[in-house]
Amino acid sequence: MKKISIIVFLFCGIFLGNIQSQQVKRSSVPLEHGADRIGPRTDEAMQKWREYGLGQFIHWGVYAIPGGHWNGEVYRGAAEWIRSWNRMPRSDYDNLYKQFNPVNFDAKRWARQAKDMGAKCLIITTKHHDGFCLWPSKYTDYTIANTPYKRDIIKELVDAYNAESIDVTLYFSIIDWNHRGYRARPPATDEEKASYEEFKQFTRNQLIELLQNYPTATGLWFDGTWDQAWIQQAPWVHELERELRAMRPGLIIGSRFRADDHGKRHYDSNGDLLGDYDQTYERNMPETLEELNGVDWDCVMTVPENQWGYHSDWSLTYVKKPFEFIEMMVKAVSLNGNFVLNFGPDGKGNIRPEETEIAKEIGAWMKVNSEAIYGAGNSNWEKQGWGYYTQKGDNKLYLTVLNHPLNNMVRVKVPRPADNTKVTIVEKAYFLDGKKPAIVRNAGRDKFNNIYYDIESPRPSSTMPYVFVLEIREVNRDERDNYQQAIM
Ligand code: FHN
């Protein structure tokens, strides 16, 4: 359904676009550095991205060594930000790389775990705000090459994840606390300007280096692009984006990279998306399809409230449960988005046991139900309190039940086809688990003549969500009775 709704959207976009350009004056603000494209991408690489459903994010760097603690004190902020804490001397942080020796790191083991969880893509921090590079960049000494470990972690991860058929996107922070030219405020003096130019060249070099070193990486996931200094570089960043895209046809870049001519981020001054997908959903999600306006998007989510890198003490905030991640993933897919769950391995290269457990539980659920996730998308069936609909093509509808009704009946409201000589019928109904058939009962009509069905659903033995499939079809009204055998 995702594919179909995008095509319909594009068709309407082309058609309405012409109307809107007269009516709403979509391009009323003249922009040289606005969106490069109106509407979603239609190429194969983007279609593959759209079908992921579930991804894994990994935040890993030298911040995993202190793990949210320094000199016996606890840092309550996000562990990967500990360098900005005034209780930790900068020089201590900046020397941590000399101890970075994750002897337990095993890229293949991480990749297998991600595969078993059901992830179709990995977003890996090549460099976070501290500037430490997990790849041996030739443009700085602050890299993995100068740690006792030495090995190119990004290469090992890209190879291992690709071997498990998982696409890899490279996270890259524009903020770089380690580079002398980096600054948050726009450079004012000639000296500042010159050193900011150096920083820009350094950034460009590193990005080109990453694409050259890791030719199978499918995307760049930018972060730390909110500083005024960077925002004001819009024309230069736009040019750089073009250069990167030219280097790697099909490269996927979200909305966090560049601003427009007027400093607008994510969406330009005409309301058009900057980049290939909306990257604003960090630890939050959209509520309706309408608010998304047809754009692609991903949601990146932490396990504790705001911890991306490894923090050894998870008792400080609420820690989400596998059920909640499944719920968020299904919700994301029901709104045509991807759900990306973050992991923060420790300084030795271990994925923490709590995350391993979460990955196992999600994986067990995906083994049975992933058909409702991969390649699925929004359905026009009206959402009900028991959970979410996702859909594939015209006729496969998935009902993920998160709130099992006490009367053991899952009620659905059947949408009326646009063509009123047609009706939607249910040809087949079954549980995804074991394909056991499900009994569908007629549940009458409301005062608007909408049809309702109840699907019999015995009280589940597990507390995890379960999924029904309804195979549906639009038929002529007068043929309806030939198809209703499935309904009791
Ligand atoms: O500051 C970072 C944070 O540490 C983390 O990397 C997240 C991931 O989306 N991004 C930034 C905040 O937006």
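Keep in mind the model is a prediction, meaning the values are calculated, not measured. (Residues numbered from 1 in each chain as written. Predicted model: local features only at pLDDT ≥ 70, side-chain atom pairs only at ≥ 80, totals over all residues. Heavy atoms only, no water.)

### Observations regarding helix α9 (residues 322-334)
Counting along an α-helix, one turn takes 3.6 residues, and residues three or four places apart therefore face a common direction. The terminal C-alpha atoms of α9 lie 18 Å apart, and with 13 residues this matches the ideal 18 Å at 1.5 Å per residue to within 8%. Burial runs high along α9: 10 of the 13 residues are buried. If you check which residues of α9 are buried, you get P322, F325, I326, M328, M329, V330, K331, A332, V333 and S334. After α9 finishes, the residue N336 shows a positive phi value of roughly 65 degrees. (Helix = DSSP H or I, 4+ residues; strand = E, 2+ residues; numbered from the N terminus. Expected span 1.5 Å × (residues − 1). Buried < 20%, exposed > 50% of the residue type's maximum accessible area, 1.4 Å probe, protein only.)

### Points about the pattern of salt bridges
For the structure on display, the rule yields 29 salt bridges. Its salt-bridge partner being R352, residue E354 comes within 3.3 Å of it at the nearest N-O pair. In this structure, the salt-bridge partner of E382 is K413, at a minimum N-O distance of 2.8 Å. Of this pair, E382 sits in the loop between α10 (353-369) and β11 (387-392) while K413 sits in strand β13 (residues 409-414), and the two are 31 residues apart along the sequence. Given the relative accessible area of 43%, E382 is considered partly exposed. Each of the salt bridges in this network shares a partner with another, and the network as a whole consists of D36, R37, R41, D43, E241, R245, R258 and D276. (Salt bridge = Lys/Arg side-chain N within 4 Å of Asp/Glu carboxyl O.)

### Some remarks on the sheet that holds β11
Reading across from one edge, β11-β12-β17-β14 is the order of the four strands in this open sheet, with antiparallel pairing throughout. Looking at the sheet topology across the chains shown, the edges are occupied by β11 and β14 (422-431). The average undirected angle you get between the axes of adjacent strands in this sheet is 30 degrees. Inspection of the sheet shows β11 paired to strand β12 (residues 396-401) by six bridges, in the antiparallel sense. When the sheet's bridge partners are listed, Y389 is paired in β12 with L399. Against the sheet, α9 makes contact with β11 and β12, and its axis sits at roughly 50 degrees relative to β11, the strand it touches most. (Pairing = 2+ DSSP bridges. Axes fitted to C-alpha atoms, helices over the stretch in contact; angles between N-to-C directions. Contact = heavy atoms within 4.5 Å.)

### Comments concerning the domain arrangement of the protein chain
Here the protein chain is partitioned into domain 1 (44-372) and domain 2 (387-487). Relative to domain 2, the C-alpha centre of domain 1 lies at a distance of 39 Å. With 14 residues of domain 1 in contact, the opposing surface of domain 2 contributes 15 residues. With both sides pooled, the region where domain 1 packs onto domain 2 buries about 1,400 Å², and carbon together with sulfur makes up 66% of that total. On inspection of domain 1 and its partner domain 2, the count reaches two salt bridges. When the shortest N-O distance is used, the salt bridge between K396 and E371 registers 3.2 Å. Looking at the side of domain 1 that touches domain 2 element by element, the count peaks at eight residues for α9. By residue class, the composition of the side of domain 1 that touches domain 2 is eight nonpolar, two polar and four charged. (Domains from an automatic or database assignment. Buried area = accessible area lost by both parts, 1.4 Å probe. Nonpolar A, V, L, I, M, F, W, Y, C, P; charged D, E, K, R; others polar.)

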